[in-house]
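Below are the chains, spelled out letter by letter.
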Amino acid sequence: MASQPPHHPGMDRRRFLLTSLAGVIAAPLAAGAQQAEKVYRVGYLASGLRSGTAGTAGVLVAFGQGMRELGYVEGRNLALETRFAEGKLERLPSLAQELIRLNLDVLFVATTPGSLAAKAATATIPIVFVAVADPVGVGLVPNLARPGGNITGITHIVAELTGKRLELLKEIVPSASRIAVLVNPDDPNAPFQIRNAEAAARTLRIQLDPVLTVRSASDLERAFEAAARSGAAAALRMVDPTVGMLRVRTVELAAKHRLPVMYVFREDVEAGGLVAYGASLLAQFRQAATFVHKILRGAKPGDLSIEQPTKFELVINLKTANALGLRIPPSLLQRADQVLE
């Protein structure tokens, strides 16, 4: 039988000290692991549809990709709560209230009406917005550099782009002297877009007429019929929360009435529209993830400058142009970011 080594009391003391030291080292590591697994709750409020061709699935995927790149995975350390007004803007205030009752870390909002509803609902939960044309003009924030309060985000400055879109439409339809306008008067950005378009129209010697109200699919039908009766050579689709919902039907009616329409988003052209010029919605949603990340790491939204897009997309659908009997100027095709054939 092998002999046992002699027992020394000092060994017990050393073993106790080593065990205690290991516990001291492991404690902050365990605490760090628990902190890393904290689940952040982010609410998303949208004016449009939840799903389908005209829904917001694509842009939410872009937001999710942006969050994953920053280390947030839904179901692990991120919980995303969503509410959709389905085009009924009057529902936005109650949906915003629903979300803020969920103990959110950040409220992420799309469109101007949604952002205004979120601002009215909470002055404490941080708000990050996208797809807002003029956050200062509608009273969302006092200025872009230091928004203050609990709100920040990304503006797509669509009102300022309205004149440029009109210029591009005139290049495509040079004979146009009368251009119809499709606008939702309920959208807070409508007056800014109209004013910008009117200024450009005076320079281009274009008459903006008729100005047609579009709040729903039934309005859209009547608007295209009125535009056709008026003799308008083309139409300018203003931006509002119904654009995505009515995208497919707008494209169908434009084809039916053989009316060239200028849109804002590439998704409109991908759906069969003629031409679009504006900032990328997908890029804005990915960019929004950076704002959310900074806030979750302790930044105050009021200290985060509101960002503007630096790149704008000109997308042209040649198949649609051919169907309308239009010849797109080669110079315009060369300037396009994408030409669909």
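Everything below is about the structure printed above this text.
Computed from a predicted model, the values in this text were never measured in an experiment.

Conventions and cut-offs
Residues numbered from 1 in each chain as written. Predicted model: local features only at pLDDT ≥ 70, side-chain atom pairs only at ≥ 80, totals over all residues. Heavy atoms only, no water. Axes fitted to C-alpha atoms, helices over the stretch in contact; angles between N-to-C directions. Helix = DSSP H or I, 4+ residues; strand = E, 2+ residues; numbered from the N terminus. Parallel < 35°, antiparallel > 145°, perpendicular 65-115°, else oblique. Left-handed = near helix turned anticlockwise from the far one by under 90°. Contact = heavy atoms within 4.5 Å. Nonpolar A, V, L, I, M, F, W, Y, C, P; charged D, E, K, R; others polar. Buried < 20%, exposed > 50% of the residue type's maximum accessible area, 1.4 Å probe, protein only. Arc of directions from axis to C-beta. Pairing = 2+ DSSP bridges.

**Q** Looking at this structure, how should I read the packing of helix α3 (residues 92-100) against helix α4 (residues 112-121)?
**A** When two helices pack together, their arrangement is given by the angle between the helix axes and the distance between those axes. Interhelical geometry of α3 versus α4 gives an angle of 55° and a closest axis separation of 9 Å. Compared by their axis directions, α3 and α4 come out oblique. Considering the relative orientation of α3 and α4, their crossing is right-handed. The residues of α4 that touch α3, namely those facing Leu-92, Pro-93, Ala-96, Gln-97 and Ile-100, are Pro-113, Gly-114, Ala-117, Ala-118 and Ala-121. Among the residues making up the contact of α3 with α4, the classes are represented as eight nonpolar, two polar and no charged.

**Q** Mind showing me how you'd approach the side chain of Thr-162 here?
**A** You can see Thr-162 is positioned in helix α5 (residues 158-172). Its relative accessible area of 0% is what places Thr-162 among the buried residues. If we skip the residues at most four places from it in the chain, Thr-162 touches Gln-193, Asn-196, Ala-197, Leu-236 and Met-238.

**Q** Help me understand helix α8 (residues 247-256) in this model?
**A** Burial in α8 covers these residues: Arg-247, Thr-250, Val-251, Leu-253 and Ala-254. The buried residues of α8 occupy an angular sector of 165° when projected down its axis, which confines them to one face. Within α8, the exposed residues directed more than 90 degrees away from the buried face are Ala-255 and Lys-256. Taken together, the buried residues of α8 touch α7 (217-230), β9 (261-263) and α9 (266-270). The first or second residue beyond α8 is Arg-258, which carries a positive phi of 50°.

**Q** I would appreciate a short explanation of the sheet that holds strand β11 (residues 313-317) in the present structure.
**A** Hydrogen bonds between backbone atoms are what pair the strands of a sheet, whose relative direction is either parallel or antiparallel. Pairing is mixed in the open sheet, where seven strands are placed in the order β7-β6-β8-β9-β10-β11-β12. Only two strands of the sheet have a single neighbouring strand rather than two, namely β7 (207-213) and β12 (338-340). Ignoring strand direction, the axes of neighbouring strands in this sheet form an average angle of 20°. Where strand β8 (residues 234-237) lies against β9, two bridges are found, and the strand directions are parallel. Its bridge partner lying in β9, Leu-236 is registered against Met-262. Relative to β7, α7 is tilted by about 155°, and along the sheet it contacts β6 (178-183), β7 and β9.

**Q** Before we go on, may I ask you to explain the environment of Pro-301 in this structure?
**A** Within the element layout of this structure, Pro-301 appears in the loop between α10 (281-296) and β11. For Pro-301, a relative accessible area of 8% corresponds to the buried category. Sequence separation between Pro-301 and Asn-150 is 151 residues; the distance between their C-alpha atoms is 5.3 Å. Aside from chain neighbours lying at most four places away, what touches Pro-301 is Pro-126, Pro-147, Gly-149, Asn-150, Ile-151, Thr-152 and Ile-295.

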